[in-house]
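# Examination of the molecular architecture
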Amino acid sequence: MRQSVKKFWIILFLIFSFFPVYKINASTNAGFIPSNIWYSKDPFEEGDKIKIYTLVFNPDTRELSGTVSFFDNTIFLGKKNFIVQSKGVKDISIDWTVTVGSHQIFAKIENAKFLISTGKYEDVYLSENETEKSESTVAKKIIPQSNTLGAGADLAGSNGIVDNVVSKTFQNIENSITSKTPDVIKNSVNSAVGFMEGVRQNVDVASENKQQEVKAEIASLDKQESTKMPSDIKIGNNKLLKPLKYAELFFLNLGSIIFGNKPLFYGISSIIIFFILRYALRLVF
């Protein structure tokens with residue numbers, strides 16, 4: 001019922017957005033519809049694998065493109081690139097596994113551009129470039145436990161009990177460490193993690209944008225090679241340039257893999273920090 005009501009208001013908003021009488025300053029209205037976050041399942045509980053949806057609309061006469069990034073408060077959840085045709089709409093979604101705790105889900109449009117002519121874009125500021133936060137609180141799922149485990153059939157239940165015990169153990173350790181850590185250290189760690197996450201996201205987006213530019217340059221070189229021009233000119237211009245562009249594209253792809261994968265990025269960062277600290281300790285002692 002809740003999904004039907006939300007979709008009704010979205011459709012109603014779009015209808016009024018496209019009427020000519022409301023098209024004054026239409027380009028500034030491109031972007032999100034307010035409160036434009038919904039889910040494939042609502043309400044949801046811990047462990048559910050669902051989709052988070054939002055909707056981008058473009059009442060302008062030009063094609064709109066950019067990236068939609070999803071966040072849970074300050075936690076980056078994922079992103080999707082989009083292209084919305086003139087006077088069109090497009091739904092964007094990412095997968096999300098529900099976790100315990102308070103959530104504030106929202107989306108932001110980044111790197112928004114209007115297509116001016118073939119291959120030429122113009123950066124644009126969207127007044128509706130961020131949705132309102134969708135707030136919810138997810139409680140810990142209670143796993144039924146039995147004092148007696150039957151043979152065979154209760155094996156899955158025993159695994160659930162073991163997982164629950166392990167989860168509680170790690171939670172107790174985390175709480176113990178947090179309670180004994182001075183606020184100065186906790187704040188410093190949080191600031192460092194926030195800084196690293198910002199760097200990771202910015203480098204990832206910049207790498208993807210640069211990949212598109214390099215691919216376009218390679219395509220231009222391929223087109224130049226296929227045209228009928230003196231061979232000495234073609235070789236002089238492209239003999240070294242094209243391999244260098246492919247090498248650049250390889251390293252950009254490698255950077256996207258590392259910076260676009262949060263576990264991989266922090267795993268490599270931890271290894272680097274470990275070796276730096278070990279080297280520093282050897283110098284001191």
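Residues numbered from 1 in each chain as written. Predicted model: local features only at pLDDT ≥ 70, side-chain atom pairs only at ≥ 80, totals over all residues. Heavy atoms only, no water.

### Digging into the overall build of the chain
Put simply, the rule is: Going along the chain from the N terminus, every DSSP run of H or I of four or more residues is numbered as a helix, and every run of E of two or more is numbered as a strand. Exposure classes here rest on a 1.4 Å probe applied to the protein chains alone. A residue is buried below 20% of its type maximum, exposed above 50%, and partly exposed in between. Pairs of residues are marked as contacts when any of their non-hydrogen atoms sit within 4.5 Å. Values of accessible area rely on a 1.4 Å probe in the Shrake-Rupley scheme; residue burial ignores everything except the protein chains shown.
Summing up its helical and strand segments, the chain has 6 helices and 9 strands in all. Relative to its full complement of 285 residues, the chain shows a buried share of 28%. Sequence-distant contacts in the chain: of pairs separated by 6 or more residues, those separated by 24 or more amount to 66%. For the chain, the exposed surface amounts to about 18,800 Å²; the carbon and sulfur share of it is 62%.

### Quick look at the confidence of the model for the chain
Going by this rule: Per residue, pLDDT measures the predictor's confidence, with a range of 0 to 100.
Chain-level pLDDT for the chain is 75 on average; 65% of the residues reach the 70-or-more range. With pLDDT under 50 throughout, residues 231-236 is counted as low confidence; its partners more than four residues away or in other chains account for 5 contacts.

### Some words on the environment of Ile50
Note that Ile50 resides in strand S3 (residues 49-58). Separated by 11 residues in the primary sequence, Ile50 and Tyr39 place their C-alpha atoms 6.9 Å from one another. Setting aside residues up to four positions removed in sequence, Ile50 forms contacts with Tyr39, Ser40, Lys41, Phe44, Ile94, Asp95, Trp96 and Val98.

### Remarks on helix H6 (residues 262-284)
Keep this limit in mind: The span one expects for a helix is its residue count, reduced by one, times 1.5 Å. N or O atoms within 3.5 Å of each other form a polar contact, as long as, within protein, one can give a hydrogen and the other can take it, and as long as residues adjacent in sequence are counted only when both atoms are side-chain atoms.
Here H6 contains 23 residues, and its C-alpha end-to-end distance of 33 Å stays within 8% of the 33 Å for a straight helix at 1.5 Å per residue. Where H6 starts, the residue carrying a side-chain oxygen 3.1 Å from the main-chain nitrogen of Leu264 turns out to be Asn261.

### Section: the pairing of strand S7 (residues 101-117)
Just so we agree on the cut-off: Any two strands between which DSSP finds at least two bridges are classified as paired.
Two elements, strand S4 (residues 64-72) and S7, share 8 bridges in a ladder whose sense is antiparallel. Counted as the bridge partner of Ser65 is Lys113 from S7. Note: S7 against strand S9 (residues 134-138), 5 bridges, orientation antiparallel. Note on S9: the bridge partner recorded for His103 is Ser136. As defined by bridge partners, S7 adjoins strand S8 (residues 120-123) across 4 bridges and the pair is classed as antiparallel. Note on S8: the bridge partner recorded for Leu115 is Tyr121. Connecting the antiparallel pair S7 and S8 is a turn made up of 2 residues, with Gly119 showing a positive phi of about 75°.

### Remarks on helix H5 (residues 241-260)
Our working definition: This arc corresponds to the set of directions leading from the helix axis out to the C-beta atoms.
Between its first and last C-alpha, H5 extends 28 Å over 20 residues, near the 28 Å set by a 1.5 Å rise per residue. Every buried residue of H5 is listed here: Lys242, Lys245, Leu249, Leu252, Gly255 and Ser256. Angular distribution of buried residues about the axis of H5 spans 135°; they occupy a single face of the element. Seen from the open side of H5, the exposed residues pointing more than 90 degrees away from its buried face are Leu244, Phe250, Phe251 and Ile257.

### Let's talk about the packing of H5 against H6
For clarity, the cut-off: For helices, the axis comes from a line fit to the C-alpha atoms of the stretch in contact; other axes are also lines fit to C-alpha atoms, and the angle between any two N-to-C directions lies between 0 and 180 degrees. Working rule for angles: under 35 degrees goes down as roughly parallel, over 145 as roughly antiparallel, 65 to 115 as roughly perpendicular, anything else as oblique. Amino acids outside the nonpolar list (Ala, Val, Leu, Ile, Met, Phe, Trp, Tyr, Cys, Pro) and the charged list (Asp, Glu, Lys, Arg) are all regarded as polar, and Gly is one of them.
Where H5 contacts H6, the two axes come as close as 5 Å, and the packing angle between them is 90°. In terms of orientation, H5 lies roughly perpendicular with respect to H6. Side by side, H5 and H6 meet where Ile257, Ile258, Phe259 and Gly260 of the first sit next to Lys262, Leu264, Phe265 and Ile268 of the second. Of the residues in the contact of H5 with H6, the class split is 6 nonpolar, 1 polar and 1 charged.

### Remarks on the layout of surface pockets
The cut-off we apply is this: Cavities and pockets are found on a 1 Å grid laid over the protein atoms alone: a cavity is a set of points where a 1.4 Å probe fits but cannot escape, a pocket is an open set with protein on both sides within 12 Å along at least five of seven lines, and a lining residue has an atom within 4 Å of such a point. Grid points are joined across faces, edges and corners, and a volume is the space filled by probe spheres set on the points.
If you add up the space inside the largest pocket, you get close to 640 Å³. Around the largest pocket sit 16 residues that line it, and Ser65, Lys113, Tyr121, Asn209 and Gln212 are the ones nearest its centre. Elements with a contribution of two residues or more to the lining of the largest pocket: S4, strand S5 (75-84), S7 and helix H3 (183-226). For the lining of the largest pocket, the per-class residue count stands at 4 nonpolar, 8 polar and 4 charged.

### Side note on the pattern of salt bridges
Between side chains of opposite charge, a pair can form as their charged atoms come close. Keep this limit in mind: In what follows, salt bridge is the name for a side-chain nitrogen of Lys or Arg lying within 4 Å of a carboxyl oxygen of Asp or Glu.
Overall, the coordinates contain 10 salt bridges when judged by the stated rule. With a closest N to O distance of 3.6 Å, Lys245 and Glu248 form a salt bridge. Residue Lys245 and its partner Glu248 are both found in helix H5; the two are separated by 3 residues, about one turn of the helix. Of the residues examined, Lys245 reaches a relative accessible area of 16% and is grouped as buried. In this structure Glu248 comes out as partly exposed when scored by relative accessible area, which is 26%.

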